[in-house]
Amino acid sequence: MTAVPLWAWGVTLAVLAVLIVIDLVLTRGPESSLRAAAVESALWFAAALVFGAVLWLWRGPATGGQYLAGYLLERALSVDNVFVFVLLFVSMRIPAELQKRILFLGVVGALVLRGVFIAAGGALIESVSWIFYVFGAMVLLAGARMFRAGEGGSGNNFAVRGLRRVLPVTEHYDGSRLFTRVSGRAMATPLLVALVAIAVTDVVFALDSIPAVFGVTRDLFVVFTSNAFAVLGLRALYFLLAGSADRFVYLKPGIALLLVFIGVKMLLYDVVHMPVWVSLVVIAVVAGGAIGASLWRDRRLRLRRMREVPRPPAEPRPPAEQYPPAEPRESAEARPAAEPRGPVRT
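None of the values given here were measured: they were computed from a predicted structure.

## Thoughts on a nonpolar patch on the surface
At step 1: Among the surface-exposed residues, Val18, Val21, Ile22, Val25 and Leu26 lie close enough to one another that they form a single nonpolar patch of about 450 Å² accessible area.
At step 2: As for its position among the elements, Leu26 is in helix 1 (residues 6–26).

Listed below in structure tokens is the structure:
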């Protein structure tokens, strides 16, 4: 693994902290419109690309390509994460005005947890070389499981049930508070339960996604920064895609295919050396193709529904006898004679 100086880590963490504060200030307010979410998501994507360009200039095209491949992979995996968040928020009946706060706290917590996982994974690969192939098998199995399984949620339910057994939880929200007092007794609010569920969800996804990024690069700095920018753009991506989760029907098979590809690549690491640009092209083509095919299918279905909508039947015309009989025209004899005109002057 390539060593990165401490000052680079410090500058990177400072930049991420500044971006988080800016995002928090610019997105103040209880709710987020679709337009604001699109702008915020585009800004996070632009920030990730700018960081990749700096990394490209600083450490060369190879590292820059690894970062871009890792970021695109994490970005694609995070879309599936968003759809699970939608199901979670609906099942827990989290009010719309509280979703932004819970997502912000969940994203910051996910960033810290992923940093711990990445450091632990890097230390394991450095000290136990064969653990890399264990990670490859985990990624391959995750892809195969995604092909044949639906949305997961047992981990969330287990965590929520466990928290409710340990802490007393109120039945109602108390604004944006995680804890409140009822009859002088400290109790957790459902918002804390939702936060724990979000954290557990991201941990479950991280167990698949972080080993997958190690399949693209073993550089801890690249693995962490690609994860960080993908995770920090997760909140904006949620508000952008929450209302259209059912449109991306081919995204889950596409993500499963990517995981299978990365898992096989990791297992064949010592046999087949695959350039970074190959991984980059495969990730971009598969993820972009899955999204494009989903949107194309959704458009065809909408057009088909529009054609199948029955038109209202035309009002039947009344039969001829219902029309009032036409008045008989006066005969020429009955018409009054025209008044004689004066002599025609020539």
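## A closer look at a positive patch on the surface
At step 1: A cluster of like positive charges, contributed by Arg297, Arg300, Arg304, Arg305 and Arg307, occupies part of the molecular surface.
At step 2: Locating Arg300 in the fold gives a position in helix 11 (residues 276–308).
At step 3: With a relative accessible area of 41%, Arg300 lands in the partly exposed category.

## A short note on the nonpolar core
Soluble globular proteins tend to bury their nonpolar side chains together.
At step 1: Core analysis: the biggest nonpolar cluster contains 82 residues, and Leu73, Phe229, Tyr238, Leu259 and Ile262 have the highest contact counts within it.
At step 2: Looking at this core, the element that brings in the most residues is helix 3 (residues 61–92), giving 13 residues.

## What about the side chain of Glu40?
At step 1: When you line up the elements, Glu40 lands in helix 2 (residues 34–59).
At step 2: Note on Glu40: relative accessible area 9%, which makes it buried.
At step 3: Those residues within four positions of Glu40 in sequence are excluded, and the remaining contacts are Asp23, Thr27, Arg235 and Ala236.

## Regarding the layout of surface pockets
At step 1: Space inside the second largest pocket adds up to approximately 330 Å³.
At step 2: Every element with two or more residues in the lining of the second largest pocket is listed here: helix 2, helix 3, helix 9 (234–241) and helix 11.
At step 3: When residues in the lining of the second largest pocket are grouped by element, the largest group, five residues, is from helix 11.
At step 4: Taken together, the residues of the lining of the second largest pocket sort by class into 13 nonpolar, two polar and one charged.

## Some thoughts on the pattern of salt bridges
At step 1: Evaluated as defined, the whole model comprises four salt bridges.
At step 2: In this structure, the salt-bridge partner of Arg235 is Glu40, at a minimum N-O distance of 3.7 Å. With Arg235 in helix 9 and Glu40 in helix 2, this residue pair connects regions lying 195 residues apart in the sequence.
At step 3: Within this structure, Asp23, Glu40 and Arg235 form a network of salt bridges that share partners.

Procedures and definitions
Residues numbered from 1 in each chain as written. Predicted model: local features only at pLDDT ≥ 70, side-chain atom pairs only at ≥ 80, totals over all residues. Heavy atoms only, no water. Patch = residues over 30% accessible without salt bridge, like charges linked within 9 Å, V, L, I, M, F, W, Y side chains within 5 Å. Areas by Shrake-Rupley, 256 points an atom, 1.4 Å probe, with all protein chains shown as cover. Salt bridge = Lys/Arg side-chain N within 4 Å of Asp/Glu carboxyl O. Helix = DSSP H or I, 4+ residues; strand = E, 2+ residues; numbered from the N terminus. Lys, Arg positive; Asp, Glu negative; His and termini not counted. Charge placed at Lys NZ, Arg CZ, Asp CG, Glu CD. Buried < 20%, exposed > 50% of the residue type's maximum accessible area, 1.4 Å probe, protein only. Core = buried A, V, L, I, M, F, W, Y, C linked by side-chain atoms within 4.5 Å. Contact = heavy atoms within 4.5 Å. 1 Å grid on protein atoms, 1.4 Å probe; cavity = no way out; pocket = protein on both sides within 12 Å on 5 of 7 lines; lining within 4 Å. Points joined across faces, edges and corners; volume = space filled by probe spheres on them. Nonpolar A, V, L, I, M, F, W, Y, C, P; charged D, E, K, R; others polar.

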